[in-house]
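Residue-level listing of the chains:
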Amino acid sequence: MANTTVMHKAKEEDILECFLYPKFCYTTDPDAVTEATLIEEIAKYNAEIAPLIVDHIWHCDSLNFRPRIKQAMLLNRILEGSAVEEDYHTLPHIYASLRFDEDIGDEWLTVFLIFRLTKVFNGLIARVVDSDGEFLLIEAANVLPLWASPETCQDRVFIHNGDIHVIRERGTSFPNLLNNINGKPYISKMSEKVQLVLQKRIGIYPDEIQKRKHKTRAFLPEKAASILRLEPRLIAPAIRTICHSDPLERRVCRAMRYFPPEQRTMVNLKMTKCLYAMATYCRYTGDPRTGWNIPPATCSKYNAHVLGVKVACGLEMLVARANEERRKCTKEKSDVSDDTEKLKLNEPAFNAYLARLEASGYFRDLLEGSQERDKLLSTAKEYFLKHATLFDNLTNLHESDAQKVLEAWENIQTNDIEMHAQDETTLSPADSDSWLNIDPAQLETYLNQQWGNIKDKKLDQESLSLREKVQSFLNQTSTVDGVHFLGEQSVENDVMQDAEDSTRIEFDADAFDSALRGILDLVVPGGEGEFEGSSEGSLGGDDEDKGGDMDKYMRLLDSQVQSQLIKEENTVTAEDNNVADPVEASLQESIEAEAGGSGPAGNIIGGPVRRLMHLQLQSPTTVPPDLQS
């Protein structure tokens, strides 16, 4: 029976999850979708992508699709003690989990394959997420519409017919969402800018598969050479194992029981560039007591000998690990002789299972120890023991790799080694590894290709005068989240998507400019008669005489402020003849008055610039104590 469930764990780093929903999964009754139907669909997917990845060496996991039917997923949640039963979690689908670790190229290769499947198979809708969440939108962050935030897009990003879709509607069942994507794709389809960014990212495949390969030479023990010739993909776990190991784990490499160094041969090895780089920069060169007889570093064969030691030691550790796991497994099976012991081993899951059954009314409020309850409990135990074995097959990645190497080692025959023996003169030359070294110019060129010329952008921004920067700020459109600069982030022009943004707050640049000038010029709004019509209560007076006194006081205060302002303007003009623009003069005066603190002008200019300008405008004796240091 195929494995139909996956234990729910905390999301780990460097793992890609794929959820594929064939058309029949969301257009028919979920209970009618069987495991056999999904397996047939998986066979079609594998046949489509097999020619593209036939020679690909996966860095960690290979792409392996598994069926998930509703009943199996519900059982999984019962065993976990989860009460979540929404159709989003229980809709039948095809699942794949891929650990890519150091080689992110495997992640994007998988994305390319998923995009291709949605194009080939009508109605297929897919989701791909990793430990960063909706990483497809992260890739296209610079061209996303303003409404696309992590909160609005979480669990709402789908792939359909080779395009990215984001569902914005809420309160709709998950099957209906998928039907809307398939039936009305124009509603949820993202803009062409977003599509082009992602197509550019995955457009390098499948040609990139060949470009990522590296051929080299290695001086390997004969058994190791024969295993890698029969199973070339085992080079990945061998290199990753030795690179991630510690001195304690490497102790098994002293004896080299499974791959002795006495009989070695020079062979060609193929691997990815990522694996070759990891092996090259791994400092382990074997235990000197083992007898590897590595030539001096000046010898032309030095790199081949060292690489052979690393690969052989990696295989040795995997075989030793698999044998140890086999011994433990055999011991546990001999100790567990009956169902009671099996339940003890799975006690947390079994208790959660019973709790869910109790909450769902399975035991019908029967008394503990009653005959009918014991009968129901016996049936529940039998069901649990039957299906809990599914989870035993979900072994650790390293355990799976170790078992594969052990099986290959046990199946290798002496005649296989002799058949694969090869004269060194017939070997093809190793590929150049100059790509390992990148000079600063190449790095800058690469960064410019990916993100544009950052230096030019900074120069363009610095070339603007203070007045132009302020005017550029005032001309931007503000939403409830603040001002967005259109030059740095695109705005979605789709009418149907903008309909939801009809309540957006519009920013009146002219009104704000007028108000800002009034603040910076320190002009008291209103004229002499402004307070004449005001009520007595608003001015705090009890009669007309007090209102008149307040009016006179305000006019006197206005005249004093105006005279002081004229005096300060004359002083600033005499000190700096270059400041001819009234806006800039007002900004400088406001910054000086704010003394480096917060204020309208300082918030526009920015904190660091505000303090710097204040220090330039003030003499050392007038700088506040908190800024003199």
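- If you look the chain up in an unreviewed UniProt entry, it shows as SGT1 protein-like protein ecdysoneless from Harpegnathos saltator.

Comments concerning the sheet that holds strand 6 (residues 163–166)
Paired through their backbone hydrogen bonds, the strands of a sheet run either parallel or antiparallel.
Step number 1: With respect to topology, six strands assemble into an open sheet ordered 2-3-1-4-5-6, the strand pairing being antiparallel. Every interior strand has two partners, whereas the edge strands, strand 2 (66–68) and strand 6, have only one. Pairs of neighbouring strands in the sheet enclose a mean axial angle of 30 degrees, with direction left out of account.
Step number 2: Note that strand 2 and strand 3 (residues 93–99) share three bridges and pair antiparallel. Considered in strand 3, the bridge of Pro 67 is made with Ile 94.
Step number 3: The sheet contacts of helix 8 (residues 174–183) involve strand 1 (15–21), strand 4 (125–129), strand 5 (157–160) and strand 6, and relative to strand 5 the element is tilted by about 45 degrees.

A few points about the side chain of Asp 106
Step number 1: As for its placement among the helices and strands, Asp 106 is situated in helix 5 (residues 105–120).
Step number 2: Given the relative accessible area of 0%, Asp 106 is considered buried.

Comments concerning the packing of helix 13 (residues 235–244) against helix 14 (residues 273–280)
Helix-helix packing: each pair is described by the crossing angle between the helix axes and the interaxial distance.
Step number 1: Interaxial distance between helix 13 and helix 14 falls to 10 Å at its minimum, and their mutual angle equals 35 degrees. In this structure, the crossing between helix 13 and helix 14 has a hand that is left-handed. On helix 14, the residues that touch Ala 236, Ile 239, Arg 240, Cys 243 and His 244 of helix 13 are Leu 275, Met 278 and Ala 279.
Step number 2: Of the residues belonging to the contact of helix 13 with helix 14, the class tally is six nonpolar, one polar and one charged.

Points about the nonpolar core
Step number 1: One finds Leu 20, Phe 65, Ile 114, Leu 117, Leu 136 and Ile 164 to be the most contacted residues of the largest nonpolar core, which totals 50 residues.
Step number 2: No other element matches the eight residues that helix 5 contributes to this core.
Step number 3: Ile 114 has contacts with Cys 18, Leu 20, Phe 65, Ala 126, Val 128 and Ile 159, leaving out every residue within four places of it along the chain.
Step number 4: Counting 43 residues, the second largest nonpolar core, distinct from the first, contains Tyr 258, Tyr 284, Cys 313 and Val 405.

With respect to the pairing of strand 3
Step number 1: With five of seven residues buried, strand 3 lies mostly within the body of the structure.
Step number 2: Alignment of strand 1 against strand 3, held across six bridges, turns out to be antiparallel. By the bridge assignment for strand 3, Cys 18 is matched with Ala 96.

Notes on the pattern of salt bridges
Step number 1: Per the counting criterion, the structure on display carries 16 salt bridges.
Step number 2: Across the salt bridge formed by Lys 189 and Asp 163, the nearest N and O atoms sit 3.5 Å from each other. You can see Lys 189 sitting in the loop between helix 9 (185–188) and helix 10 (192–202) and its partner Asp 163 sitting in strand 6, a full 26 residues away along the chain.

Reading guide: rules and limits
- Residues numbered from 1 in each chain as written.
- Predicted model: local features only at pLDDT ≥ 70, side-chain atom pairs only at ≥ 80, totals over all residues.
- Heavy atoms only, no water.
- Pairing = 2+ DSSP bridges.
- Helix = DSSP H or I, 4+ residues; strand = E, 2+ residues; numbered from the N terminus.
- Axes fitted to C-alpha atoms, helices over the stretch in contact; angles between N-to-C directions.
- Contact = heavy atoms within 4.5 Å.
- Buried < 20%, exposed > 50% of the residue type's maximum accessible area, 1.4 Å probe, protein only.
- Left-handed = near helix turned anticlockwise from the far one by under 90°.
- Nonpolar A, V, L, I, M, F, W, Y, C, P; charged D, E, K, R; others polar.
- Core = buried A, V, L, I, M, F, W, Y, C linked by side-chain atoms within 4.5 Å.
- Salt bridge = Lys/Arg side-chain N within 4 Å of Asp/Glu carboxyl O.

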